[in-house]
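# Understanding the architecture of this molecule
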Amino acid sequence: MHDHAMVLAGVPANKFFFDAKTNIETSALVSGYYGFDSLAAGYDGYNIEIEALGGKLVYGENAMPTIDFRDPLIKRPEDLEKLKNKKVNFRKDGRFPLAIEHSNLSLEYGFSTAMFCSPFSMAVGMRGFPALYRDIRKNPKFYAELMTFIVDNVIIPWIKVQNEDTGNLMAVGADAWASVPNLSVKEMMDWVVPYNQRLIQKTKKYGIIIMGSTGLYSEERAEKFDPKILHGSFDVELASSSVPAIMFLQGHANEYPLQSVRDYTAKAREQGKKFSISATVNAQLLRDGPVDKIVNKIKETIDIFARDHEFNMILGNIPTDAPSDHIHAAVAAVHTYGKLPIADNLDEIQFKMPKKEPFNEWRKHNA
Amino acid sequence: MIKLDKNKILIDIKKAVLTGEDALAQNLARKAIKEGAEPIKVLNEAQNAMIEAGELWKRNDYFQGDVVLSAEAFHVVMEVVEPLLSSGEIGKSGKVIIGTVAGDMHNLGKIMVIATLRGAGFEVVDLGEDVSIQTFISKIKQLKPNILGLGCYMTTTMMEMKEIIKELQKEGLRNNLKIMIGGVPITQEYANEIGADAWGKDAFDAADKAKGLVGVK
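These numbers were taken from a predicted model, which means no experiment stands behind them. (Residues numbered from 1 in each chain as written. Chains lettered and ligands numbered in written order. Predicted model: local features only at pLDDT ≥ 70, side-chain atom pairs only at ≥ 80, totals over all residues. Heavy atoms only, no water.)

### A look at the nonpolar core
It is characteristic of soluble globular proteins that their nonpolar side chains tend to be buried jointly. F120(A), M126(A), I13(B) and V17(B) are the most contacted members of the largest nonpolar core, which has 173 residues in total. Of all the elements, helix α9 (residues 140–166) of chain A adds the most residues to this core, at 13 residues. Those residues in contact with F120(A) that sit more than four places away from it in its chain are F129(A), L132(A), I136(A), Y143(A), M147(A), D175(A), W177(A), A178(A), L183(A) and V192(A). Grouped together as the second largest cluster of nonpolar side chains are 26 residues, F136(B), I137(B), M161(B) and I186(B) included. (Core = buried A, V, L, I, M, F, W, Y, C linked by side-chain atoms within 4.5 Å. Buried < 20%, exposed > 50% of the residue type's maximum accessible area, 1.4 Å probe, protein only. Helix = DSSP H or I, 4+ residues; strand = E, 2+ residues; numbered from the N terminus. Contact = heavy atoms within 4.5 Å.)

### Focus on the sheet that holds strand β6 (residues 245–248) of chain A
Whenever strands of a sheet pair, they do so through backbone hydrogen bonds, lying parallel or antiparallel. All names here are of chain A. Spatially, β6-β7-β8 is the arrangement adopted by the three strands of the open sheet, whose pairing is parallel. Of all the strands in the sheet, just β6 and β8 (311–314) have a single pairing partner and so form its edges. The average angle at which neighbouring strand axes cross in this sheet is 20 degrees, direction not considered. Bridge count for strand β7 (residues 276–280) against β8 is four bridges, and the pairing is parallel. Within β8, the position partnered with I277 by the bridge is F311. Helix-sheet contacts for helix α14 (residues 291–305) involve β6, β7 and β8, and the interaxial angle to β8 is about 160 degrees. (Pairing = 2+ DSSP bridges. Axes fitted to C-alpha atoms, helices over the stretch in contact; angles between N-to-C directions.)

### A few points about the side chain of D175(A)
Residue and element names in this part refer to chain A. You can see D175 is positioned in the loop between β4 (170–174) and α10 (185–204). Among buried charged residues, D175 stands out as having no salt bridge; its nearest opposite-charge side chain is R198, 15 Å away. A polar contact is formed between the side chain of D175 and the side chain of S121, at a distance of 2.6 Å. Contact partners of D175, with chain neighbours within four places excluded, come to Y46, S118, F120, S121, V192, N196, S213 and T214. (Lys, Arg positive; Asp, Glu negative; His and termini not counted. Salt bridge = Lys/Arg side-chain N within 4 Å of Asp/Glu carboxyl O. Polar contact = N/O pair within 3.5 Å; in protein donor to acceptor, adjacent residues only side chain to side chain.)

### Regarding the environment of L18(B)
Residue and element names in this part refer to chain B. Along the chain, the position of L18 falls in helix α1 (residues 6–18). Along the chain, L18 and A73 lie 55 residues apart, while their C-alpha atoms are 8.0 Å from each other. In this view, L18 contacts A49, E52, A53, L56, Y62 and S70; residues no more than four positions away in its chain are not counted.

### Quick notes on the packing of aromatic side chains
Inspection of every chain in the model, using the stated rule, returns 21 aromatic pairs over all chains. Ring centres 5.0 Å apart and planes at 45 degrees place the aromatic pair Y33(A) and Y34(A) in the tilted group. Comparing Y33(A) with Y34(A) shows no difference in burial state: the two are buried. Ring centres of F69(A) and W177(A) lie 6.2 Å apart, and the angle between their planes is 65 degrees; on these two criteria the pair is classed as edge-to-face. One end of the pair, F69(A), is in the loop between β2 (66–67) and α5 (78–84); the other, W177(A), is in the loop between β4 and α10, and 108 residues separate them in sequence. Accessibility expressed as a relative area gives 13% for W177(A), which makes it buried. Put simply, the rings of Y33(A), Y34(A), F36(A), F359(A) and W362(A) pair up and form one aromatic cluster. In this structure, R95(A) is placed above the aromatic ring of F18(A), and the distance from its NZ or CZ to the ring centre is 4.9 Å. K224(A) extends its terminal NZ or CZ atom over the ring of W57(B), reaching a point 3.5 Å from the ring centre. (Phe/Tyr/Trp six-rings, centres within 6.5 Å; stacked < 30°, edge-to-face > 60°. Lys NZ or Arg CZ within 6 Å of the ring centre and 35° of its normal.)

### Some details on the layout of surface pockets
The computed volume of the second largest pocket comes to approximately 290 Å³. Lining of the second largest pocket is provided by V7(A), G60(A), E61(A), N62(A), A63(A), A102(B), G103(B), T156(B), T157(B), M159(B), E160(B) and E163(B). Sort the elements by how many residues they give to the lining of the second largest pocket and helix α7 (residues 159–170) of chain B lands first, with three residues. Residues that form the lining of the second largest pocket fall into these classes: four nonpolar, five polar and three charged. (1 Å grid on protein atoms, 1.4 Å probe; cavity = no way out; pocket = protein on both sides within 12 Å on 5 of 7 lines; lining within 4 Å. Points joined across faces, edges and corners; volume = space filled by probe spheres on them. Nonpolar A, V, L, I, M, F, W, Y, C, P; charged D, E, K, R; others polar.)

### Considering the pairing of β7(A)
Residues in a regular strand point their side chains to alternate faces of the sheet. All names here are of chain A. In terms of burial, β7 is largely enclosed, as five of its five residues are buried. Relative to β7, β6 runs parallel, the two being bridged by four bridges. Counterpart to M247 in the pairing with β7 is S278.

### Thoughts on the interface of chain B and chain A
How big an interface is tends to be stated in terms of accessible area lost as the parts join. Contact residues are listed per partner, giving 38 residues for chain B and 36 residues for chain A. When the two sides are added together, the surface that chain B and chain A hide from each other amounts to roughly 3200 Å², 57% of it contributed by carbon and sulfur. At the boundary of chain B and chain A, one finds seven salt bridges. Taking the shortest distance from any N to any O, the salt bridge between D22(B) and R134(A) comes out at 2.9 Å. At the boundary of chain B with chain A, the tally comes to 16 residue pairs in polar contact (both at pLDDT 80 or more). For the side of chain B that touches chain A, the elements supplying multiple residues, two or more each, are α3 (39–58), α4 (64–81), α5 (108–119) and α8 (188–194) of chain B. Here the side of chain B that touches chain A gets six residues from one element, more than from any other, and that element is α4(B). When the residues that make up the side of chain B that touches chain A are grouped by side-chain class, the tally is 14 nonpolar, twelve polar and twelve charged. (Buried area = accessible area lost by both parts, 1.4 Å probe.)

Right, here's the structure in full:
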């Protein structure tokens, strides 16, 4: 929710994304305002490594930094050779120091992980999606070379430094580019998962646990929803993490039939597999509302999963201008219906919309 | 020299665009023109390929990567035929100005929208990425498009769309212009809220909606 926290608290982007203390304190303040159960703090996680390697970013006054896809770091295959010869200091270059400090400060609030951009999304950041996809089709040898470089020479040393400097054993990867509909399930299995597994295997010897986010079904057209693709995407997710966990956080997740998720978990259980589930309220629903729809979606999700799965709700994708009432309603719904043990009939529980002050009033006596 | 079958070349052009073989598509387009094929027929085959790509996309048989390659192959065929088309053959559906709003560098969605709009018979002027309000205004004044297409990828930059529409109203440019918006964070509710005329769920939906806005079937 970093953009939302930044705008709600009136912090300029050039401070929020460059000063770990400001970022954490702002995020903690906004997390407290909404009553989250853990700190929700972050930064532009897709950019850190690429920026430190010399990639061009654009720094807006009011927006998160973004990779300049007009001028990619690897314009042609020869550029990879130059990059291989570049000496990178994973403690000093770019905003690596910010990321390390961010992790250490997060620990003071009880929660921290190492962060990295996953191999495929980093390759997109270096090449641009069209060029990278063309590499897959026309120059697979170069694609393999690039992905191997990213895993062995960028992500592993970066996670190692974070582990040494923060003590974090879990590393969370961001991989929005590796998802349907950008790629098919087969393409992810053939071209993305092998490099995620290489990362998992190679970091295992340092005791690192990789929590990937490859394969989150991100289809925006609800009418294109296909349970086979959802299940294939879950297979990709599970193959891309050291821990057995599935998430349905992206796309029009709020409109997917949740029974399809349950069908997958039921089948897996028959085979003796068990994993945790993380769900969210779709970002657009959180923004557009109405409150009733948000509350009912959370109630339905808890009803289906919370009794017999290790389950958590993540309100991570909060759009910049989502009304605060919507977020308060979502948190209250989780706390109302998610109370353990989960009631047999959630319809019997009355939901009360909490009365909350506007953020700027609240902060006067809570900051 | 064996004379090439013009119909076969046209079929091959469609196939090359559909499968994203851009170099082949461009070579075939050049050959077809050299052999006397009418440029408009070459264009029509490339457009048909984009329509078919859209059908495959809707059926989950094509994914973004496939569509991007088709869009690029379509683009290189256009490079060959566009200079040879008569003024009545270019942009018969209307003119669209398109750009990604200020602060946003993402262009993948825009690349695909441009191809589907051209495939649907629109003339498209691409203003690029990180486009300022002033640039949009001055280009609209200069080129008088039927439709303005605005794209964004981040929830911080989507708010820029609202400012652009306000500015167009202030400048008296809004009444004769349809506005379409698109990008990951956009919804129909947001389009309604800021006074846009349409929201394109994806590149193919954008082309369908654009035709609807200008009354083209």
